Each structure stands twice: as structure tokens, then as C-alpha cells.
Amino acid sequence: MPPSEESRVRAKTVIDRCRKLAGFSERPDSTSRTFLSPPMRDCHQEIGEWLEPLGVEVRIDAAGNLRGFYPGSDRAAPRLLVGSHLDTVPDAGAFDGALGVVLGVALLESLEGVRLPFGIEIIGFSEEEGVRFGTPFIGSRALVGRLDEDLLRHEDAHGTSVRAAIEGFGLKPAEIPAARLKGDVLGYVEFHIEQGPVLEELGLALGAVEAVAGQSKLEFAFLGRANHAGTTPMHLRRDSLAGAAEWISVVEREGKSVPGLVATVGTVEPKPGVANVIAGETRLTLDVRHRVDDVRTRAVDALVRLAQEIATRRGLTVTERTLLSQPSVPMDRGMVEQIEEAIRRTGLKPHRMVSGAGHDAMILAEKVPSAMIFLRTPGGLSHNPEETVRMEDVARALEAGSHLLSLLARSPALERRVKRA
Ligand code: HGY
Ligand code: MN
Ligand code: MN
């Protein structure tokens, strides 16, 4: 049966709100919102205005995460976390991240003041994409106690450290420990667009994520010798950009050679980067993902070895630095089954799937049972301003979320914990 009129109305509000948040950007003509940049404050303000009328206690923790607590019938009862990230990639769409926060707000609104036997905390993570500091999950790492001194020392392209960015936003790094999850957490649920073609190809609105693929991020530097583009014969060159280019085609070849593997060079920075100089140095980033960690790490090792072979043959040297090696993370089996049942109760067939994209759920899963509900991504397009969702699917997601809350309210696990609380 189709979603109810009420769900459709709420879904339209969700979409309108995501598009409003997309307008809070570091750039006038596109959506770009990185860790604790000024538009993040506008997001906090806007979401706070949606939450406060619901009796939600809103605060910004020392890692810049928005935290909105909606107490249950017993304030001391365990809480369910519902959220996603509020930062974006440059020139982003309106739904990657924000949708998970705005859907959480809509779920609270659909309760119409009813208190559940558990609390609900809406979380808008300050940074998941890793754009500003080259390393992702700064916000969610604070909740699991991994926003450590080393991470606080990371600097952005302007030499500003994570610590300084936090202070610049008016927050206190000394209070980061207070951002850690405390008390009894029932679990973490993240609504997110699939960002890929699977649900669309299957003609399905929603998916239940059973695992989030692991990811490796590395920075490579090919080093040759800068020289004059007009006077240096081809056989006397040590052209770092040409070496890097050869390796990029090898990365694509290796990515195609292993089922389920993806390998991407997303940035290439030749130096000095002008037309009439042979590049003495070329820096690149490599992103490799696969659901099986062993396959991913073997692919990374092979690509490092191939970079060295190419460099040696061309009279270059090459160095690499690992920025992230995030293992594949299974979602909580019990919660996945409850999500599947919740999807079934909307009248849809649930579909279990692995996420190729990384998500905050893979960090929260270190400490609390975590799971994700995917929404179909039209065209499989994401990290692109054309990214969109179907209103019908958002309405379905809301209904599945309501069914999930009811299932959790009656789950034996909760009863046991509420007795203990
Ligand atoms: O890169 C990712 O997987 C996610 O969009 N941060
Ligand atoms: Mn993303
Ligand atoms: Mn995302």
C-alpha cells in the first residue's frame, strides 16, 4: 500500500528542509560545508529551531556535533541515537548526511509529544567526509573517545589545526571527553541515501545495511626533477606528473581486475603546476574499498609496489603515507533484523546490502549496536549537486522509522535494560 498522506506531507517537509540546509554553504553558488565552518553554525541554529518546540534539549558538544535529546517516559531510560553528518563534500548534493538528521527530526515530530520507554538523541555529526583535514569521522570519533591529541594536531590547507578550529568555533577542546557516549545507549540508527545504483536497479525504496565496506586512504608523492618544458629532451626528463599519470591508469586497471573492489585517485597536484615546467613533484590521493579487508589491503600493497616499479623505471622516487585504514564493519544483526521487519510493515520487501560508502555508523558500531536504513538514490548519483531522493521513498523511510520505534519499544532487550536502568 502507498505511504499515508501524513507521511507524504512530512516527507515534503524533510526534502524542503534538506534543501534549506544545503543553502548554508561556504560558497554562494554550490553546497560546501566543512568542519566547523561558519555555515555549520547556521545549520545548528536552523535544526535547533525545529527541535526546541518538541521539548528537545539541544546542545553543541566540544567536537561541534549537534546533540538533541528527547527524553523518554523515564528520563533515566536508555536512549536510541538517530543521526548522520552535517558536513558535505565540495559542490555536494542536498541529502548526503543531512537527510539522516532531518529524518530524525521528522520522526520526533511524528510522535506528537508521545514519550517512548526510551529516549531519542538526534545527532548531527560535525565532520564525516574528511574534506578539511584529510581524515574523516572527526565528529563521531569524539563519541567513541577517539578524538585524540594526534587528531587534534591535524592541520588544514591553511595550517589551522583541528584544535584551533574547535576553539575558533567557540568550543573548548578540554570538554571533548564530555562528548563521549555515556549512560545506556540502546543503539544507533542512521538513515542515509545509498549513493549507488543497487536499490534503483532492484526497484526498491529502502535497504537494510548489513555491513559498511572498509576503506583505505593514502597520499602518494612522485618525485622527479623540475625542468624547462621547452629545452629538456624527452629522454632526459624525470617527469613526476607523467609517472603519476601512468600509475593512475594502473590503479584503474587493478580496480577493474578484482570483483567488488573500487580504487580511485581523486586528487592530483603537480608542482609547480605551470604549463612550461616539467613537474618535479606530483602528489595524489588513493581511495581503495572492498567489503573484505584482506582483499582491500592486498590491493593497496599491490598498488604501492606498482608505484615503486613505475618510479624506478622512470628515474623517479615515490613515497606514500596512509591517512586511513578503516576495517569493514558489520552492522548489529538484531537491529538489521528489526529494520527489515520495520520495512516489511510498510508493505515493502526489505533488501540487505553492503555500503560502499563510509558512514558514521561504522564508528558508532565500535561502542553501540548500530544499523542503517538506505534510501534509493535516483541515478545512483551522489557527491554531486544533482543528487536527489524520491518523496515517496522519504515517506516510506518515515513509516519504517515509526515501525522501528514501535518494535524497539516492545523489544525484550529494552525491557531488560529498562528494568536495570
Ligand atoms: O567517502 C565516503 O565514503 C563518504 O561519503 N564519506
Ligand atoms: Mn559523502
Ligand atoms: Mn554521507
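As the structure is a computational prediction, the values presented were derived from the model and not from experiment. (Residues numbered from 1 in each chain as written. Chains lettered and ligands numbered in written order. Predicted model: local features only at pLDDT ≥ 70, side-chain atom pairs only at ≥ 80, totals over all residues. Heavy atoms only, no water.)

## Details of the site of ligand 1
1) Next: Neighbouring residues of ligand 1: Glu128, Glu129, Arg289, Ala357, Gly358 and His383.
2) Next: Glu129 places a polar side-chain atom, nitrogen or oxygen, 2.9 Å from a nitrogen atom of ligand 1.
3) Next: Burial of ligand 1 by the protein amounts to 90% of the accessible area it has alone, namely 210 Å².
4) Next: Tallied by class, residues from the shell around ligand 1 come to one nonpolar, two polar and three charged. (Near = heavy atom within 4 Å. Polar contact = N/O pair within 3.5 Å; in protein donor to acceptor, adjacent residues only side chain to side chain. Areas by Shrake-Rupley, 256 points an atom, 1.4 Å probe, with all protein chains shown as cover. Nonpolar A, V, L, I, M, F, W, Y, C, P; charged D, E, K, R; others polar.)

## With respect to the environment of Ser7
1) Next: Residue position: Ser7 is located in helix H1 (residues 5-22).
2) Next: When the C-alpha atoms of Ser7 and Gly168 are compared, they prove to be 40 Å apart, with 161 residues separating the residues in sequence.
3) Next: Engagement of the side chain of Ser7 in a polar contact is seen with the side chain of Glu399, the distance being 2.6 Å. (Helix = DSSP H or I, 4+ residues; strand = E, 2+ residues; numbered from the N terminus.)

## Examining the coordination of the manganese ion (ligand 2)
1) Next: For the manganese ion (ligand 2), the full set of protein donor atoms is Asp96 (OD), Glu129 (OE) and His383 (NE2), and the range of their distances to it is 2.1 to 2.2 Å.
2) Next: Each donor residue of the manganese ion (ligand 2) lies on one chain, and together they are spaced D-x32-E-x253-H.
3) Next: The distance between the manganese ion (ligand 2) and the manganese ion (ligand 3) comes to 3.4 Å, with Asp96 serving as a donor to both metals. Separated by 33 residues along the polypeptide, Asp96 in the loop between strand E3 (79-85) and helix H3 (98-111) and Glu129 in the loop between strand E4 (119-125) and helix H4 (138-143) bring together distant segments of the chain.
4) Next: Accessibility expressed as a relative area gives 14% for Glu129, which makes it buried. (Donors = N, O, S within 2.8 Å, 3.2 Å for Na, K, Ca; no water. Buried < 20%, exposed > 50% of the residue type's maximum accessible area, 1.4 Å probe, protein only.)

## With respect to a positive patch on the surface
1) Next: A surface patch of positive charge is lined by Arg59, Arg180, Lys182 and Lys367.
2) Next: Looking at the secondary structure, you find Lys367 in the loop between helix H11 (361-364) and strand E15 (370-375).
3) Next: Taking relative accessible area as the criterion, Lys367 reaches 51% and is therefore assigned exposed. (Patch = residues over 30% accessible without salt bridge, like charges linked within 9 Å, V, L, I, M, F, W, Y side chains within 5 Å. Salt bridge = Lys/Arg side-chain N within 4 Å of Asp/Glu carboxyl O. Lys, Arg positive; Asp, Glu negative; His and termini not counted. Charge placed at Lys NZ, Arg CZ, Asp CG, Glu CD.)

## As for the environment of Leu152
1) Next: With respect to the helices and strands, the residue Leu152 is situated in helix H5 (residues 149-153).
2) Next: Overall, the relative accessible area of 5% leaves Leu152 in the buried class.
3) Next: With residues up to four places along the chain from it excluded, the contact list for Leu152 reads Leu147, Ser161, Val162, Arg163, Ile166 and Ile176. (Contact = heavy atoms within 4.5 Å.)

## What about the coordination of the manganese ion (ligand 3)?
1) Next: Coordination sphere of the manganese ion (ligand 3), protein contribution only: His85 (NE2), Asp96 (OD) and His192 (NE2), at 2.1 to 2.3 Å.
2) Next: Mapped onto the sequence, the donors of the manganese ion (ligand 3) take the spacing H-x10-D-x95-H.

## Here's the deal with the domain arrangement of the protein chain
1) Next: Under the domain assignment used here, the protein chain contains domain 1 (5-212 + 328-420) and domain 2 (214-326).
2) Next: Between the C-alpha centres of domain 1 and domain 2 the distance comes to 34 Å.
3) Next: Each partner contributes residues to the interface: domain 1 has 15 residues there, and domain 2 has 11 residues.
4) Next: Between domain 1 and domain 2, a total of about 860 Å² is buried, with carbon and sulfur atoms accounting for 48% of that surface.
5) Next: If you sort the residues of domain 1 by the area they bury against domain 2, Pro136, Ser328 and Val354 come out on top, with a joint share of 44%.
6) Next: On the surface where domain 1 and domain 2 come into contact, there are four residue pairs in polar contact (both at pLDDT 80 or more).
7) Next: At the level of secondary structure, the elements contributing two or more residues to the side of domain 1 that touches domain 2 comprise strand E6 (206-212) and H11. (Domains from an automatic or database assignment. Buried area = accessible area lost by both parts, 1.4 Å probe.)

## What to know about the sheet that holds strand E11 (residues 281-290)
1) Next: With antiparallel pairing, the four strands of this open sheet are ordered in space as E9-E11-E7-E12. With partners counted over all chains shown, the strands left at the sheet margins are strand E9 (262-271) and strand E12 (317-326), one partner each. The sheet shows a mean angle of 15 degrees between the axes of neighbouring strands, direction not considered.
2) Next: As paired elements, strand E7 (residues 214-223) and E12 share nine bridges and run antiparallel to each other. Its bridge partner lying in E12, Glu219 is registered against Arg321. (Pairing = 2+ DSSP bridges. Axes fitted to C-alpha atoms, helices over the stretch in contact; angles between N-to-C directions.)

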